[in-house]
Structures are given as structure tokens and as C-alpha cells.
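Structural characterization, general
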Amino acid sequence: MRRETKLMHYGRQPLPGPANPPVVRASTILHDTVKSYRDTKARRESDDSVLSYGRRGTTPAHALMAAIADLESGDACYLFPTGVAALAGTISAYVGAGDHLLVVDTVFPATRSFCDAVLPRNGVAVDYFPWNATDLSDWLRPETRAVVVEAPGSQTFEVMDLPKLTVWTRASGLTVIADNTYGSGWLYRPLELGCDVSVIAGTKYLGGHADVMMGAATARGDAVAPLRRAVLANGQTLAPDEAYATLRGMRTLNLRLERHQQNALAVAQRFAARPEVSAVLHPALPGHPGAPIWQRDSSGSNGLLSVAFKQGFALESFLDRLRLFAIGSSWGGFESLAMTIDPAASRRFKYDLPPGPMARFHIGLEHVDDLIDDLDAAFDS
Ligand SMILES: *Cc1c(COP(=O)(O)O)cnc(C)c1O
């Protein structure tokens, strides 16, 4: 069955029944005999889809876990209340006191905050490496256990060569955790490129309607057991309404991403043609240094792009003049967004980031001509 068809069938209940798995709100699951209670507890040890207690998730969470595990080509998926909780919970599953963690320098800023603010207090040493390294020998220590990657890079879209990097990490026995929020399991699948765990902030494209917070971590092979242990010990799950809304959003994941991609490419080309712009950062634009690798490893791009403006450009008043782009954090909903960014501020390594003020745009599902008219009007007024 093709992936588009699977999106429509994830979570299908026995017929006759609803097309979506129902929201089941429950803490306690009631049994009429002690034996039934005991059997359920025994079954859930090897089956995460057994309805046993609210903390282990209920019907829509179980359906969502199976759906995302399949989408990501993994063996098991676990759910968290936010993307950051998923990243923090996943990283903590693979490193502890005395261990060393390597993190790509172009990682999402909140992941970096977790690694810098929490891990050292727990006895974990953290080092950053540049996004284009495919051999991490210079940073490797005897106690290095795991590597955190993200492709394309947060805000600036540097494309990592994960197949090449994971050949090296496998030879060194390291667990590789990927933040796959950009590709959201549809455009890009790090587990197929050699990573061990893939984390998606479903707050973005899985939910897709700017009204859900959730995170998912999908693991394969030997990486499943430590993740499962950590999730159960920490009591992580996703509430039934959020699981329902995420799965509902996923029904149109492919269609939305197709349009986000089209619209973003058209807007990127428009920005590139403006005299006020010095660079457009988008991994699928011809001329982007990562475009050949992105084309090889992914099936497309999403609605994100960043723009560097010429020195002295009044970026804030330009953004304030936009009518169809609201100013805001996050992305992945149906609507267009803009915000100022300063990616160099937190990074350890210097890349060829263009000088001048920068903004990150999320291109929504509006008619692209309206978006382009809005940008042109803000430039020209
Ligand atoms: C938004 C985002 C997260 C965090 O997700 P939240 O649900 O906001 O906690 C993590 N990684 C990336 C790349 C993101 O864009």
C-alpha cells in the first residue's frame, strides 16, 4: 500500500465503526476480575497498544504511536506532550552521568538550551560539531555515547550528509538521535538514513493546524529498549484529545506539504528577485550548497525559508507592514508567519551566514499570489 493510502487508514477500527479512532478519556481501566487485571498488565509488558491505564495512553494515542512508527520506518514510537519534551526525554534515555554527547551546532535553539542547562547538571558532558562534519573523530571521547543531528539545520537549513555520517557513527558504536521536525516523517526519514531515533515536534506539520502541542520519538532496533524504559519510568504520554487531533491532522499531511512546498518555492524566488534581499536560505533552491544532498535524501521541502536582507534594511517595519503574515513563533500550521532571527548568536562555529538582518518565514496555504502581493506591497510602501 502506498504511503498516501496508509495516511487515510491509520487507526482504522473494526467495522462498523467511526473512520477516526475515538477519543477515549480514561485514567483507570476497569476489570471485572483480578485475573483480567493481571492478564492485561502482563500483556502490556510486550505490547504498547494494550489499554491498561491512562499513563500508558488510550485508544487515539495507541493509534497515533502505530501511525508515526510506520511513517518513520521505525519499530516503536512514544509520545510526549511537546516537541521539546520528546527531545529532552529521548536524549536523556541514551546518556547519563559520566557520558559524553555530541550535538550538531545548527540544532534547534531549545534543544541547545536543554543540552547546556540540564545535561551538565546530570553529569553529561556536551560538545558541538559543525553541520558539515561526517567524521567526528576530532570530538570523540572514550565516553561518547550519542550524537544529536538535525537536517536541515534550524533556521538556516544547512543539509547534513546523514548517510555518510551514520556510517562513521555506526563504526564508533554511537546512538544517533535526529530531530526530524522539518521533514515530519513525510519528506525525510532519518531512520532509513542510518539514524537510531527520529524525533518529530508534531506541534508543527503533523497537527498542522496551529492548535496542538505534541512530540513523538520513533526508534528502531536496539535503540527501542532504552527509549521505552525512559518513557515508562518518566510517565510520559500524550492526552487523548491531542492524540486525536494529531492523527486527524496527519490525514492531510501529504497534501498540505505539497502546497506548502509549492508556495514556499514561489515566495523564495520572489524574495531572491528583490533588490532589498542579499540571500534566500532554502534547501531546495538551486544554488543552495546542500541542494544536491537534500534532493538525494528527501522527497521534497516544506514551507520554511529564511531571508537575509541588505545591511541597513528596516526589517522590523517591513514585517510590521505585512498583512497576511502574522508575527509569531512555531510553524507548520496552515497560516503564514514571519519572525526575526539571529542564528549566529548561539552558534559556536562561524558559517558563511550572510550579513544584515534576517527573518524566518513559514509560507502557509493561502493563495501564493496574495502572499507575493503582500510582500511586494510591504517592500514598496
Ligand atoms: C518547534 C520545534 C521543536 C519543539 O517543539 P515544541 O512542540 O514547540 O516543543 C523542536 N525541534 C524543532 C526543529 C522545532 O521546529
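Residues numbered from 1 in each chain as written. Predicted model: local features only at pLDDT ≥ 70, side-chain atom pairs only at ≥ 80, totals over all residues. Heavy atoms only, no water.

Quick word on the domain arrangement of the protein
Considered domain by domain, the protein is made up of domain 1 (3-250) and domain 2 (253-380). The centre of domain 1, based on its C-alpha atoms, is set 27 Å off from the matching centre of domain 2. Facing the 39 residues of domain 1 at the interface are 41 residues of domain 2. Between domain 1 and domain 2 lies a buried interface of about 3,400 Å² when both sides are counted; carbon and sulfur atoms form 61% of it. The interface formed by domain 1 and domain 2 contains two salt bridges. Across the pair Asp161 and Arg296 runs a salt bridge whose closest N-O atoms are separated by 2.7 Å. One can count 17 residue pairs in polar contact (both at pLDDT 80 or more) joining domain 1 with domain 2. Broken down by secondary-structure element, the contributors of at least two residues to the side of domain 1 that touches domain 2 are α1 (3-9), β3 (125-129) and α8 (240-250). Along the lines of polarity and charge, the residues of the side of domain 1 that touches domain 2 split into 22 nonpolar, 11 polar and six charged. (Domains from an automatic or database assignment. Contact = heavy atoms within 4.5 Å. Buried area = accessible area lost by both parts, 1.4 Å probe. Salt bridge = Lys/Arg side-chain N within 4 Å of Asp/Glu carboxyl O. Polar contact = N/O pair within 3.5 Å; in protein donor to acceptor, adjacent residues only side chain to side chain. Helix = DSSP H or I, 4+ residues; strand = E, 2+ residues; numbered from the N terminus. Nonpolar A, V, L, I, M, F, W, Y, C, P; charged D, E, K, R; others polar.)

Side note on the sheet that holds strand β12 (residues 358-362)
Within the open sheet, the five strands sit side by side as β8-β9-β12-β11-β10. Their pairing is mixed. With partners counted over all chains shown, the strands left at the sheet margins are β8 (277-281) and β10 (326-327), one partner each. The sheet strands contacting helix α9 (residues 253-273) are β8, β9 (304-309) and β12, and the helix crosses β9 at an angle near 10 degrees. (Pairing = 2+ DSSP bridges. Axes fitted to C-alpha atoms, helices over the stretch in contact; angles between N-to-C directions.)

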